[in-house]
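Descriptive analysis of the structure
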Amino acid sequence: MKKTIITVALAIAAIGVFAQSVQETHSKWKKMSVPGVAITVQGDAKTAIKILKDEMKDEDIKVKASSKELSAEAINFKRISPNMMNLYATAEEHKDNTTTLTVFMARGTDASTFISSSTDAEAVNNLKNFLEQDVARNSLETSIKAQEKVVKDGENTLKNLEKKIENLKKDIKETEDKKAAQIETNKAAKETLDNLLKQRK
């Protein structure tokens with residue numbers, strides 16, 4: 001029951017981030033300030049990039065990725081646009097275990113070829129939907145599963161500690177019984193010694 005309550009609370013908290021709309025932005029890509037689409041997702045940068053990579057892999061798109069960047073050139077990403085394009089992404093981690101994922105689309109490599117809503121509104125809207133409906137949702141599910149594991153591991157650790165406490169209590173009881181028995185043994189031994197000392201006199 002506790003696990004269910006915790007999981008629901010985590011899901012509600014995470015949905016607060018998940019529900020944030022994606023937005024167009026200008027950001028840095030290879031020292032160029034270019035238009036892109038940004039969304040904040042749950043988890044670290046490496047996980048965000050992996051999820052984006054996996055989603056694109058499902059579309060049969062090959063990508064190159066590091067822990068904080070992704071690139072795919074001369075691709076046909078039909079969910080986004082019928083035209084060939086390059087797609088790039090960066091991931092910036094935040095202290096609250098969220099990551100801002102910024103995705104860029106371009107027809108070439110120069111800054112002037114990067115796509116914004118003023119040059120291809122349909123592609124930008126499709127990218128926004130893709131990020132909200134697939135990437136952010138999967139990021140949320142991944143974070144929930146990871147947090148469920150944290151909760152489960154914590155519960156197991158607590159059970160082990162409680163078991164240790166019970167064993168310690170048992171050991172204390174056994175030690176106290178041994179102590180009481182030793183007191184009686186010592187008392188009898190002292191009485192025997194006193195009797196022997198009396199006989200010496």
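Residues numbered from 1 in each chain as written. Predicted model: local features only at pLDDT ≥ 70, side-chain atom pairs only at ≥ 80, totals over all residues. Heavy atoms only, no water.

**Looking at the overall build of the protein**
From N to C terminus, the protein includes 3 helices and 6 strands. Moving toward the C terminus, one meets the helices and strands of the protein in the order α-β-β-α-β-β-β-β-α. When each of the 201 residues of the protein is scored for burial, the buried share is 34%. Nonlocal contacts in the protein, meaning residues at least 24 apart in sequence, comprise 51% of its contacts between residues at least 6 apart. Carbon and sulfur atoms make up 52% of the accessible area of the protein, which amounts to about 13,400 Å² in all. (Helix = DSSP H or I, 4+ residues; strand = E, 2+ residues; numbered from the N terminus. Buried < 20%, exposed > 50% of the residue type's maximum accessible area, 1.4 Å probe, protein only. Contact = heavy atoms within 4.5 Å. Areas by Shrake-Rupley, 256 points an atom, 1.4 Å probe, with all protein chains shown as cover.)

**Overview of the confidence of the model for the protein**
Averaged over all residues, the pLDDT of the protein equals 87, while 89% of them reach at least 70. Low confidence marks residues 1-19, where pLDDT is under 50. Its contacts with residues over four positions away, or in another chain, come to 19 contacts. (pLDDT = per-residue confidence, 0-100.)

**Comments concerning the nonpolar core**
In terms of nonpolar packing, the biggest core is built from 32 residues, with Leu52, Met56, Leu101, Met105 and Leu131 touching the most fellow members. For this core, the secondary-structure elements that each account for two or more residues are strand S2 (32-42), helix H2 (45-58), strand S4 (69-75), strand S5 (85-93), strand S6 (98-106) and helix H3 (117-200). Top element by residues in this core is H3. It accounts for 7 residues. Residue contacts for Leu131: discarding those within four places in its chain leaves Val22, Val37, Ile39, Leu101, Val103 and Ala136. Among the nonpolar cores identified, the runner-up in size contains 6 residues, and Tyr88, Phe104, Ala106 and Phe114 belong to it. (Core = buried A, V, L, I, M, F, W, Y, C linked by side-chain atoms within 4.5 Å.)

**With respect to the packing of aromatic side chains**
Aromatic ring pairs: the centre-centre distance and the angle between the two ring planes describe each pair. Here the structure, examined in full by the defined rule, presents 5 aromatic pairs. Ring geometry for Phe77 versus Phe130: centroids 5.3 Å apart, planes at 80°, classification edge-to-face. Taken as a pair, Phe77 in the loop between S4 and S5 and Phe130 in helix H3 lie far apart in primary sequence, 53 residues in all. Take Phe77 and Phe130: they sit in the same class, and that class is buried. Seen from their ring centres, Phe104 and Phe114 are 6.4 Å apart, and the 80° between their planes marks the pair as edge-to-face. Highlighted residues: Phe104 in strand S6 and Phe114 in the loop between S6 and H3, separated in sequence by 10 residues. On the basis of relative accessibility, which here comes to 0%, the residue Phe104 falls in the buried class. Grouping aromatic residues by their ring pairs yields a cluster made of Trp29, Tyr88, Phe104 and Phe114. (Phe/Tyr/Trp six-rings, centres within 6.5 Å; stacked < 30°, edge-to-face > 60°.)

**A look at H2**
Taking 1.5 Å of rise per residue, the 14 residues of H2 would be expected to cover 20 Å, and the 20 Å separating its terminal C-alpha atoms lies within 8% of that figure. If you check which residues of H2 are buried, you get Ala45, Ala48, Ile49, Ile51, Leu52, Glu55 and Met56. On an axial view of H2, the arc spanned by its buried residues comes to 160°, and they lie on one face. Exposed residues pointing more than 90 degrees away from the buried face of H2 are listed as Lys46, Lys57 and Asp58. Packing partners of the buried residues in H2 comprise S2, strand S3 (64-65), S4, S5, S6 and H3. (Expected span 1.5 Å × (residues − 1). Arc of directions from axis to C-beta.)

**Considerations on the pattern of salt bridges**
Going through the model one piece at a time under the given rule, you end up with 8 salt bridges. Among the ionic pairs, Lys30 bridges to Glu69, the shortest N-O distance being 3.4 Å. With Lys30 in the loop between strand S1 (23-29) and S2 and Glu69 in strand S4, this pair connects stretches of sequence that are 39 residues apart. Judged by its relative accessible area of 54%, Lys30 is exposed. Here Glu69 falls in the partly exposed class, since its relative accessible area comes to 31%. Residue Glu59 is joined to Arg79 by a salt bridge in which the shortest nitrogen-to-oxygen separation is 3.5 Å. Placement of the pair is Glu59 in the loop between H2 and S3 and Arg79 in the loop between S4 and S5, with a sequence separation of 20 residues. Relative accessible area serves as the criterion here: at 30%, Glu59 is assigned to the partly exposed category. Within this structure, Glu59, Arg79 and Asp134 form a network of salt bridges that share partners. (Salt bridge = Lys/Arg side-chain N within 4 Å of Asp/Glu carboxyl O.)

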